[in-house]
Amino acid sequence: MLGVGLVLSGVLLLVWAVNLLTGFLVLLAAFLYVLVYTPLKRVTWWNTTFGAIPGAIPPMAGWAAATGTIDTGAWVLFAILFTWQHPHFFAIAWIFRDDYRSAGFKMLPVVEPSGKRTFRQTIVFSLLLLGVSLLPAVVGMTGRLYFCGALLMGILILAVAVQFARNHNPSDARRLLKASVLYLPLLLLLIIVDAHR
């Protein structure tokens, strides 16, 4: 009940102090995380993809707070965050697959211990991330500096993902996890820097 009260009071504060759209997006993220993603952990490995939706809503909420709308830029940020979460979390799931199995969570490395689909999904989403990370430059949010930086970082994270997929060992999964943790704030910082040049 405390958690529900905190979410609702936070949403009401956002509606009052910011705007209705921002409050709605935050409420939607909380709803999807608690009532969709969390229960799905015990049902299907698709929980990772469903969980990436509420995980990608915060930048949209920030955009809505600043502009009062959800336009192309908000969807671009959503796409980047949504895609990024997959290689990031597949690395975590591989490292802690025994713990997830013990807890009864159906993460992809648990339902398929060989890791074949985990590695394939990691590569696919790393390639997608490389593509969607260039969208800010394509839609005019940023310029050449961002494009070059995003391209370089995307190639680097893809290379780390390929190494993880080839070697299958926890140390490469940790390297991918660290790379993804560094990648996201650097990419967002690059958007800010280039947008204000």
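Preceding this paragraph is the structure being described.
In short, a report on the structure. (Residues numbered from 1 in each chain as written. Predicted model: local features only at pLDDT ≥ 70, side-chain atom pairs only at ≥ 80, totals over all residues. Heavy atoms only, no water.)

By the secondary structure assignment, S126 is in helix α7 (residues 116–132). A residue is classified by how much of its surface remains accessible, and S126, at 1% relative accessible area, is buried. For S126, the side chain forms a polar contact with the main-chain oxygen of T122, separated by 2.7 Å. When residues no more than four places from it in sequence are discounted, the contact partners of S126 are P87, L158 and A161. (Helix = DSSP H or I, 4+ residues; strand = E, 2+ residues; numbered from the N terminus. Buried < 20%, exposed > 50% of the residue type's maximum accessible area, 1.4 Å probe, protein only. Polar contact = N/O pair within 3.5 Å; in protein donor to acceptor, adjacent residues only side chain to side chain. Contact = heavy atoms within 4.5 Å.)

What follows concerns the packing of aromatic side chains. Within this structure, the stated rule accounts for 9 aromatic pairs. Taking the centre distance of 5.7 Å and the plane angle of 70° together, the rings of W75 and F78 count as edge-to-face. Pair noted here: W75 and F78 are both in helix α4 (residues 72–95), with a separation of 3 residues, about one helical turn. Accessibility expressed as a relative area gives 48% for W75, which makes it partly exposed. Feature note: the residues W75, F78 and F82 constitute an aromatic cluster, connected by ring pairs. If you follow K41 out to its NZ or CZ, it ends over the ring of F105, 5.5 Å from the centre. Above the plane of the ring of W94 lies R97, whose end atom (NZ or CZ) is 3.9 Å from the centre. (Phe/Tyr/Trp six-rings, centres within 6.5 Å; stacked < 30°, edge-to-face > 60°. Lys NZ or Arg CZ within 6 Å of the ring centre and 35° of its normal.)

Further remarks concern the side chain of D194. Relative to the elements of secondary structure, D194 occurs in helix α10 (residues 170–195). Setting aside residues up to four positions removed in sequence, D194 forms contacts with T142, G143, R144, L145 and Y146.

Within the secondary structure, G62 sits in helix α3 (residues 47–67). A relative accessible area of 39% places G62 in the partly exposed class. Each C-alpha atom of the pair G62 and L25 lies 9.5 Å from the other, and the pair is 37 residues apart in sequence.

So, on to the packing of helix α9 (residues 144–167) against α10. Interhelical geometry of α9 versus α10 gives an angle of 170° and a closest axis separation of 10 Å. By the angle between their directions, the pair α9 and α10 is classed as roughly antiparallel. For the contact of α9 with α10, the class distribution of residues is 17 nonpolar, 5 polar and 4 charged. (Axes fitted to C-alpha atoms, helices over the stretch in contact; angles between N-to-C directions. Parallel < 35°, antiparallel > 145°, perpendicular 65-115°, else oblique. Nonpolar A, V, L, I, M, F, W, Y, C, P; charged D, E, K, R; others polar.)

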